[in-house]
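Each chain, letter by letter, is given below.
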Amino acid sequence: MSELNRPICASTPPMGWNSWDCYGASVREEEVRGNAEYMARYLKSYGWEYVVVDIQWYEPGAYSSQYRPFVPLEMDAYSRLIPAKNRFPSSAGGKGFKPLADYVHGLGLKFGIHIMRGIPRQAVHAAAPILGTSATARDIAHPNSICPWNTDMYGVDPEKEGSQAYYDSLFRLYSEWGVDFVKVDDIAASRLYGYHAAEVELIRRAIDGCDREIVLSLSPGPADLEVAQHLSRHANMWRMTDDYWDHWHLLYGMFERCEKWAAFAEPGHWPDCDMLPLGHLGIRSVDGGGDRYTRFTRDEQITMMTLWVICRSPLMFGGELRDNDEWTLSLLTNEEVLHLHRYGTGGRIVFREGDVTVWTARDEEGQAYLAMFNLGEGPLVSRLELALAEAGESFPTAMDLWSRCEMEVHEGAVVVSLPPHGSILLKLA
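Residues numbered from 1 in each chain as written. Predicted model: local features only at pLDDT ≥ 70, side-chain atom pairs only at ≥ 80, totals over all residues. Heavy atoms only, no water.

**A few points about the side chain of Arg292**
Along the polypeptide, Arg292 turns up in strand β12 (residues 292-293). Using a relative accessible area of 11% as the deciding quantity, one classes Arg292 as buried. For Arg292, the residues in contact, after removing those within four places along its chain, are Trp245, Asp246, Gly279, His280, Leu281 and Gly282. (Helix = DSSP H or I, 4+ residues; strand = E, 2+ residues; numbered from the N terminus. Buried < 20%, exposed > 50% of the residue type's maximum accessible area, 1.4 Å probe, protein only. Contact = heavy atoms within 4.5 Å.)

**Details of the nonpolar core**
Membership of the largest hydrophobic core comes to 122 residues, with the highest contact counts inside it found for Trp48, Trp57, Phe171, Leu218, Trp308 and Trp359. Two domains each provide a minimum of three residues to this core, namely domain 1 (2-343) and domain 2 (348-428). Other than its neighbours up to four places away in sequence, Leu218 contacts Val184, Ile187, Ala188, Val200, Leu231, Ala235, Met237, Trp238 and Arg239. By size, the runner-up hydrophobic cluster in this structure holds 17 residues, among which are Leu380, Leu384, Ala398 and Leu418. (Core = buried A, V, L, I, M, F, W, Y, C linked by side-chain atoms within 4.5 Å. Domains from an automatic or database assignment.)

**Quick look at the confidence of the model for the protein chain**
Taken residue by residue, the protein chain gives an average pLDDT of 95. The fraction at 70 or more is 97%. The least confident element of the protein chain, judged by mean pLDDT, is strand β18 (residues 387-388) at 70; the most confident is strand β2 (residues 50-53) at 99. In the model, residues 1-5 has pLDDT below 50 throughout and makes 4 contacts with residues more than four positions away in sequence or in other chains. (pLDDT = per-residue confidence, 0-100.)

**Observations concerning the sheet that holds strand β6 (residues 153-156)**
Taken together, the 3 strands give an open sheet; going across it, the order is β4-β6-β5, and neighbouring strands pair in antiparallel fashion. Each end of this open sheet is capped by a strand with a single partner; those strands are β4 (119-120) and β5 (141-146). In terms of strand pairing, β4 meets β6 through 2 bridges, oriented antiparallel. Residue pairing across strands places Pro120 opposite Met153, the latter belonging to β6. Along the sheet, helix α6 (residues 163-177) contacts β4 and β6; its crossing angle with β6, the most-contacted strand, is approximately 120°. (Pairing = 2+ DSSP bridges. Axes fitted to C-alpha atoms, helices over the stretch in contact; angles between N-to-C directions.)

**A few points about the sheet that holds strand β20 (residues 398-400)**
Spatially, the 6 strands line up as an open sheet ordered β14-β15-β16-β23-β20-β21, and their pairing is antiparallel. The sheet terminates laterally at β14 (344-353) and β21 (405-406), the two strands that pair on one side only. In this structure, β14 lies alongside strand β15 (residues 356-363), joined through 7 bridges in antiparallel fashion. Bridge pairing in β15 links Ile349 to Trp359. Contacts from helix α12 (residues 335-343) reach β14, β15, β16 (368-374) and β23 (423-428) within the one sheet, and its direction differs from that of β14 by about 105°.

**Topic: the domain arrangement of the protein chain**
Think of interface size as the accessible area that goes away when the parts come together; that is how it is often given. When cut into domains, the protein chain gives domain 1 (2-343) and domain 2 (348-428). Using C-alpha coordinates to define each centre, domain 1 is positioned 34 Å away from domain 2. Summing the contributions of domain 1 and of domain 2, the shared interface buries around 2300 Å²; its carbon and sulfur component is 66%. In terms of surface lost to domain 2, no three residues of domain 1 exceed Ile310, Glu336 and Leu340, which account for 23% of the buried area on that side. For the pair domain 1 and domain 2, the interface holds 2 salt bridges. (Buried area = accessible area lost by both parts, 1.4 Å probe. Salt bridge = Lys/Arg side-chain N within 4 Å of Asp/Glu carboxyl O.)

**Some details on α6**
For α6, spanning 15 residues, the distance from its first C-alpha to its last is 22 Å, which sits close to the expected 21 Å at 1.5 Å a residue. Counting buried positions over the 15 residues of α6 gives 12, a clear majority of the element. Every buried residue of α6 is listed here: Ser163, Gln164, Ala165, Tyr166, Tyr167, Ser169, Leu170, Phe171, Leu173, Tyr174, Ser175 and Trp177. Gly178, located one to two residues past α6, shows a positive phi value of around 95°. (Expected span 1.5 Å × (residues − 1).)

Rendered as structure tokens:
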């Protein structure tokens, strides 16, 4: 199918759960099912739908976010990694992820997986066959193209005969399993080699050759603005940051990234701020600081959600959903806020002076929104004009969408009082 005729996939920013922030590389089937059940019961009606199994689901001995180097991985006869049966019992007998995907689909949700770019090293060393070609894994491998933090794969040399056949066979398998979302890692901004444009194109062609709509997510960041057009043509979402955790300095730095990338958000193509490190984190993931509840204050949590929403980043919850308290659930089920995320347009910065910044957006019907952020270390009291100068409009009313309270408007402005690291999101009328 040509690019022009391809239907829009991810027409709105994807929303879901990813296993990395709480389980690292070690998530098990019962944990995926449990989080899917929670999503179906409490979040599906608000637009949350993707359940994503992150890295190394093919590694039988994975125990945390720390990788075991050069260990045997579960693989089929055609150089394709398959789920570890001890961790995903329903995959036994060659079923792969189909039983788990069927279960997730039965809940009215969608199923996703994480993969590393390239071809398994063990397949290369064994010169294992590739479906649909006489070339072997050794023939198409690029042994000098490696990930510096994970030993599972060699890169694929796009110039070699059989490289497209390998990726085609991979995504046909995922399509047969019922996969709706694939996150490809070490590809958007490899620490050793930069952006792997040619491998991205192999993957895009492989997805386009499937009879299933599959969202393509690329990691990690920061992706370079120089490749923005290539990303937009080939991916549905791409990270603009390295792994993001619950530290204020990382959230502070995200504002500059969002300022640069917000203009590229459009139906089917979404710059990605990375996962939301909220709720119960680090259960078996030591990278972010071990077993804990989020270190973000409540004000910082609202600030993060407001930024992700107004710039329309995908929303991927990172914590163990079943341990959510009422506060965390309330962040994920605010209908007015999620309306802006789903139907917003033109989200952009309109003012920044020091640590005070203001963003604006509209929804598809022209409804106007303003967000003010206090990124400083002290409280802020400020007069916020309810006017969009470029449209010559002013607004007599303003509702705070997080508190669901009407603001007192005086002479076309409201007085905003924000704590350190706090924010407010206003709907104007």
